[in-house]
Each structure stands twice: as C-alpha cells, then as structure tokens.
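Chain by chain, the residues run as shown.
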Amino acid sequence: MAEATANGLGQHALHATDAHDAAAVATTDTHQEHPIKLYLVVWAWLFILSTCSYLVDYFGIHGYLRWLLILIFMMLKAGLIVAVFMHMAWERLAMMYAIILPPILVLVFVTMMVFEADYTLLTRIAFFGPGP
C-alpha cells in the first residue's frame, strides 16, 4: 500500500480491482494544449490594438476622446492577455468573477469619484467664490 502512494498512484489506484481501472485513473491527469493558431491570432489582435493605441497619439487626438480611446484599447489588450495567456477563458465562473470583478468595481468607484470631485469643486466655488 505504501508503494502505491509513493509511486504517485494515490488512493484511487489502491481500490482498483484490475489493470483497466488503474490505467483509467492514470490517464485522467492529462495535459491540455491549445493550438498554436489561437496564440498567433491573439498576438495579431494585440499588435493591431497596440497600433491603434499609437495611432491615437500619431493623429494628435486630444482631450477626453484621447483618454477614452487609450483606455478602451488598454482594457481590450488586458482582457485578451488574461483570457488566453492566463487561461481564464477555460476557468470556472467563480474564478473568473474573482479575477475580473474587482477591476470592474475599481473602475466604477473611480467613475463615482470623478463625479464627486466635480460636485465638490462646484460647491467650493459656490460658497467660497473663484480663486485669486
């Protein structure tokens, strides 16, 4: 019995009655590999999104549109990297919520702070007047 666990077969192989059951237990720990085409397509999309991000600066887009485009391209690239290279696309839903939900909540709270900052600025101007 100690030999079976030392050889890495575990408790399932100890209770196997014939060689077929032991072989079935040994083959359950298989390694899954994704096709190289998937990684090449993701690499191409990352290249395209990076090019678009650089084109925002090249064309001289300014103001909120510039930051909106850069943030959109950044989030798309980060999503591709997390989904494919970190294998989150194949994880359970609970794991995806644990990884993806906190950054979404941070973006919601940052948006709330932006609106609150405008309200605070307008309140200060209304009560104290414009600065010197």
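Residues numbered from 1 in each chain as written. Predicted model: local features only at pLDDT ≥ 70, side-chain atom pairs only at ≥ 80, totals over all residues. Heavy atoms only, no water.

Draft legend 1. Expanded view of the overall build of the chain. When its secondary structure is counted, the chain shows six helices and zero strands. Reading the chain from its N terminus to its C terminus gives the helix and strand order α-α-α-α-α-α. (Helix = DSSP H or I, 4+ residues; strand = E, 2+ residues; numbered from the N terminus.)

Draft legend 2. Representation of a nonpolar patch on the surface in the model. Judged by side-chain polarity, Leu93, Met95, Tyr97, Ile99, Ile100, Leu101, Ile104, Leu105, Val108, Phe109 and Met112 come together as a nonpolar surface patch covering roughly 1,000 Å² of accessible area. Mapped onto the fold, methionine 95 is located in helix α6 (residues 93-128). (Patch = residues over 30% accessible without salt bridge, like charges linked within 9 Å, V, L, I, M, F, W, Y side chains within 5 Å. Areas by Shrake-Rupley, 256 points an atom, 1.4 Å probe, with all protein chains shown as cover. Salt bridge = Lys/Arg side-chain N within 4 Å of Asp/Glu carboxyl O.)

Draft legend 3. Main features of the packing of aromatic side chains. Evaluation of the coordinates by the stated rule reveals three aromatic pairs. Pairing tryptophan 43 with phenylalanine 47 gives two aromatic rings, centres 5.9 Å apart and planes at 20°, and the pair type is stacked. With a gap of four residues between them, tryptophan 43 and phenylalanine 47 both fall in helix α4 (residues 36-58), about one helical turn apart. In this pair, the class of tryptophan 43 matches that of phenylalanine 47, namely exposed. With 5.5 Å between their ring centres and 70° between their planes, tyrosine 58 and phenylalanine 59 make a pair best called edge-to-face. There is no split in this pair, since tyrosine 58 and phenylalanine 59 are both exposed. When the ring centre of tryptophan 67 is taken as origin, the NZ or CZ atom of arginine 66, which lies over that ring, is 5.0 Å away. (Phe/Tyr/Trp six-rings, centres within 6.5 Å; stacked < 30°, edge-to-face > 60°. Buried < 20%, exposed > 50% of the residue type's maximum accessible area, 1.4 Å probe, protein only. Lys NZ or Arg CZ within 6 Å of the ring centre and 35° of its normal.)

Draft legend 4. The arrangement of helix α5 (residues 64-85) in detail. If you check α5, its first and last C-alpha atoms are 31 Å apart, about what 22 residues at 1.5 Å a residue would give, namely 32 Å. All of the buried residues in α5 are Ile70, Phe73 and Val84. Down the axis of α5, the buried side of the element spans an arc of 95°, and every buried residue falls inside it. The elements touched by buried residues of α5 are α4. Histidine 87 sits one or two residues past α5 and shows a positive phi near 60°. (Expected span 1.5 Å × (residues − 1). Arc of directions from axis to C-beta. Contact = heavy atoms within 4.5 Å.)

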